[in-house]
Amino acid sequence: MGLFSRRKTVFVDSDILVIGGGMAGCGATYESRYWGRDLNVVCVEKANIERSGAVAQGLYAINCYMGMQWDENQPEDHVRYARNDLMGIVREDLGYDIARHVDSTVHKFDEWGLPMMRDPETGRYMREGKWQIMIHGESYKPIVAEAARKAATEVYNRIMVTHLLMDKTKANRVAGAVGFNVRTGDYYVFRAKAVIVCAGGASHIFKPRAVGEGMGRTWYAPWSSASAYALPILAGAKMTQMENRIVLTRFKDGYGPVGAYFLHLKTYTENAYGKEYESTWYENTKELVGDYIDRHPVPTCLRNHAFLEEVKAGRGPIRMVTKEAFQDPHKETVGWENFLGMTIGQAVVWASQNIDPKLINPELTTSEPYVMGSHATCSGAWASGPEDYAPSEYQWGYNRMMTVDGLFGAGDTIGGTAHKFSSGSYTEGRIAAKAAVNYINDMGNDRPQVSEGEYEELKKVVFQPLENYRIGRNEIVAGTVSPSYLLPMSGLQRLEKIMDEYVGGISSHYTTNDVLLDRGLELLGMLKEDLDHLGAEDLHQLQRAWELQHRALASECVTQHTMFREETRWPGYYYRADHPKLDDTDWHCFTLSQYDRNTGEWGMEKAPVYHIVD
Ligand SMILES: Cc1cc2nc3c(=O)[nH]c(=O)nc-3n(C[C@H](O)[C@H](O)[C@H](O)COP(=O)(O)OP(=O)(O)OC[C@H]3O[C@@H](n4cnc5c(N)ncnc54)[C@H](O)[C@@H]3O)c2cc1C
């Protein structure tokens, strides 16, 4: 008991609490201040918003910009594009809502000093592709963070949020959150009228290709630890499309992105013998998914499918043909700058492996799966849509409010809206914030109350891994091994192995079936029991312990969804071998789940897909 009673508890009151200060969180913080001049706006971040989240290292392109001022694209075009890429299933109301506002977000970034590349002839933003514009984006995140810092009443850096708090007066209403400072160990209780979860996607839930010495090297940020999903799941929010994990084609070993290479440098791929291979798999793919293979552009997952089949046929590795493009000094510069601006590791890998892309065509690979809602996939919370555009069935409250009252989300957190990327996530943060301000204004004096019993109980739970270690270390038999606790790293590797082998990771060629999924769920259940015995030797390990808890819960959700959807909708992302084909008759729908934290049971249901844009 001594450990818990000595620990300082810090109380923070706010009107709006933004959890996670990445792209969506910075957007939510900025916009909360715009609409809520007198409101108390708090942003809490487990790292430091200056360099946190998936954009920490910088980006070379803003991947979502309509260009409406020049009539380049209209929001409806983006909805069609995302729907096509996601094999027919997106929340068109949410996607349209982002697309119609995203340009104004990008214009703000420009105004705040983000160096944009411009076409020297037209003066327009330089296009990398139909939706992407090119930036000198090394300082993208600090620029965006500065505006959020100035807008917030207070930013609390270095605090990992572990749980949401529920209102003691009204069931199904959020009242705040708890967490701990990863440097001081203080316990934080945040009381809030509305909460906006912007805590990023999930890497390291499937075993990565790089293990051992290269373990931190994943495509998505290794610190994206599924809090965006675990926090709402635990609070009873409905989730959608959690089976819709993403697999990326990337340069081998460094995960360097290929977008600028395909779109701007016009490089292309070939198999080990220098042959084009995608057409080889046309009939096979048509057999699986019908005329989705004839759509333009070809959906990302189907291009992965051809890659995977070619490799399985023994004609790998697949290479990117860079030797031609790199003869042009301008293109060579762009090729290298692309990495130096956002994935320096790829340039280092090439240097260390004697790969000069002017002389050698570099190898590509397919990544381990990731779960997120802002990139080319749709996983996340089920959210209410915009009042003027969403079908009535998608409207039960304020825009971007989840199925829990007062709980909003944006970016990776919100499901059904692929292809938001950095600018769309920021825009969705702004949309959620505006709605949260309306929610608070309409609330009057009926503000939520936190229960002392709940946050005191959670305090014990949050710091238990330190206690487990303190007691268990007396039994250490060798090195760090104790029979009484599980270290976060061991737990993580166990989780990744289960997900990899049973839920469709790299070692099974992304393939699973009902029997494997059943066993996977059993093993995840056993892992969850053992997570009560996590041991943390210090605050850093305590953070790792809670990241693992969040990853494990999100993984269970992914597995439940994968089991529920009895078809293979996105070959190239994952395969249900027992239902190998796309089935539009029964599965042209969203999958929804809801977790009951008292019983540990999951409820699953279908929701209709409404096609609003023709
Ligand atoms: C490798 C890579 C390349 C990309 N390339 C591009 C590109 O070229 N162009 C483009 O437009 N987009 C690109 N994206 C996508 C873009 O980065 C994301 O869409 C965007 O960052 C998502 O915003 P978010 O706020 O949801 O998540 P993030 O920006 O990742 O922010 C999440 C934040 O939550 C914090 N957090 C997490 N858990 C907790 C917790 N428990 N408590 C407190 N804080 C927490 C994190 O530290 C982080 O700051 C890329 C992403 C990656 C990973």
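In case you missed it, the structure is sitting above this.
Note that the structure is a prediction, hence the values are computed from the model and not measured. (Residues numbered from 1 in each chain as written. Predicted model: local features only at pLDDT ≥ 70, side-chain atom pairs only at ≥ 80, totals over all residues. Heavy atoms only, no water.)

S.K.: In this structure, what is going on with the overall build of the protein? I would like to understand it.
M.R.: Counting its secondary structure elements, the protein contains 17 helices and 19 strands. Scaling as 2.2 N^0.38, a compact globule of 614 residues should have a C-alpha radius of gyration of about 25 Å, and the protein matches this with 23 Å. In terms of its C-alpha atoms, the protein occupies a principal-axis envelope of roughly 65 × 60 × 50 Å. Nonlocal contacts in the protein, meaning residues at least 24 apart in sequence, comprise 76% of its contacts between residues at least 6 apart. (Helix = DSSP H or I, 4+ residues; strand = E, 2+ residues; numbered from the N terminus. Rg over C-alpha atoms; globule rule 2.2 N^0.38 Å. Contact = heavy atoms within 4.5 Å.)

S.K.: What's the story with the site of the ligand in this structure? I'm lost.
M.R.: Around the ligand there are 31 residues in total, and Glu45, Ser52, Ala61, Ser374 and Ser422 lie nearest to it. Here a nitrogen atom of the ligand sits 2.7 Å away from a polar atom, N or O, in the main chain of Ala61. Asp412 places a main-chain nitrogen or oxygen 2.8 Å from an oxygen atom of the ligand. Out of a free accessible area of 990 Å², the ligand has 95% covered by protein chains. When residues of the shell around the ligand are traced back to their parent elements, those giving at least two are helix H2 (23-35), strand E3 (59-62), strand E6 (159-166) and helix H12 (421-443). (Near = heavy atom within 4 Å. Polar contact = N/O pair within 3.5 Å; in protein donor to acceptor, adjacent residues only side chain to side chain. Areas by Shrake-Rupley, 256 points an atom, 1.4 Å probe, with all protein chains shown as cover.)

S.K.: Please clarify how the pattern of salt bridges should be interpreted in this entry.
M.R.: If charged atoms from side chains of opposite charge come close, those side chains can pair. Within this structure, the stated rule accounts for 44 salt bridges. Asp97 is paired through a salt bridge with Arg400; the nearest N and O atoms lie 2.6 Å apart. You can see Asp97 sitting in helix H4 (residues 92-111) and its partner Arg400 sitting in the loop between strand E14 (380-381) and strand E15 (407-409), a full 303 residues away along the chain. The pair formed by Asp97 and Arg400 is uniform in burial state, with each residue classed as buried. Between Asp253 and Lys252 there is a salt bridge, and its shortest N-O distance comes to 3.3 Å. Given the relative accessible area of 28%, Asp253 is considered partly exposed. (Salt bridge = Lys/Arg side-chain N within 4 Å of Asp/Glu carboxyl O. Buried < 20%, exposed > 50% of the residue type's maximum accessible area, 1.4 Å probe, protein only.)

S.K.: In this structure, what is going on with the pairing of strand E7 (residues 174-181)? I would like to understand it.
M.R.: The side chains of a regular strand alternate, residue by residue, between the two faces of the sheet. Within E7, eight of the eight residues are buried, which leaves the element mostly enclosed by the surrounding structure. Sheet topology places E6 next to E7; seven bridges connect them, and they run antiparallel. By the bridge assignment, Ile159 is partnered in E7 with Asn181. As paired strands, E7 and strand E8 (residues 187-197) are joined by five bridges and run antiparallel to one another. If you follow Gly176 over to E8, its bridge partner there is Arg191. Between E7 and E8, which pair antiparallel one after the other, the connecting turn spans five residues, and Gly185 there sits at a positive phi close to 80°. (Pairing = 2+ DSSP bridges.)

S.K.: Sorry, what's going on with unusual backbone geometry here?
M.R.: Among all residues save glycine, negative phi is the norm, and among peptide bonds the norm is trans. Here the bond from His296 into Pro297 is cis, since omega is -5°, no more than 30 degrees from zero. You can see Pro297 is positioned in the loop between helix H8 (282-289) and helix H9 (300-312). Going from Gly316 to Pro317, the amide bond is cis rather than trans, its omega being 0°. Structurally, the position occupied by Pro317 is in the loop between H9 and strand E12 (319-321). Look at Asn172: it is not a glycine, yet its phi comes out positive at around 60°. Residue position: Asn172 is located in the loop between E6 and E7.

S.K.: Would you explain the packing of aromatic side chains in this entry?
M.R.: In this description, an aromatic ring pair is defined by two values, namely the gap between the centres and the angle between the planes. Scanning the entire structure with this criterion turns up 36 aromatic pairs. When the ring of Tyr96 is compared with that of Tyr389, the centres are 4.0 Å apart and the planes differ by 10°; the resulting orientation is stacked. With Tyr96 in helix H4 and Tyr389 in the loop between E14 and E15, the pair connects residues that are 293 residues apart, well separated along the chain. On the basis of an interplanar angle of 90° and a centroid distance of 5.4 Å, the ring pair of Phe564 and Trp587 is categorised as edge-to-face. Here Trp587 lies in helix H17 (residues 584-587) and Phe564 lies in helix H16 (residues 539-564), a separation of 23 residues in the sequence. Taken together, the ring pairs connect Phe251, Tyr261, Phe326, Trp336, Phe339 and Trp350 into an aromatic cluster. In this arrangement the basic side chain of Arg91 is found over the ring face of Trp382, its NZ or CZ atom lying 4.7 Å from the centre. A cation over a ring is seen here: Lys130 above Trp131, with NZ or CZ 5.2 Å from the ring centre. (Phe/Tyr/Trp six-rings, centres within 6.5 Å; stacked < 30°, edge-to-face > 60°. Lys NZ or Arg CZ within 6 Å of the ring centre and 35° of its normal.)

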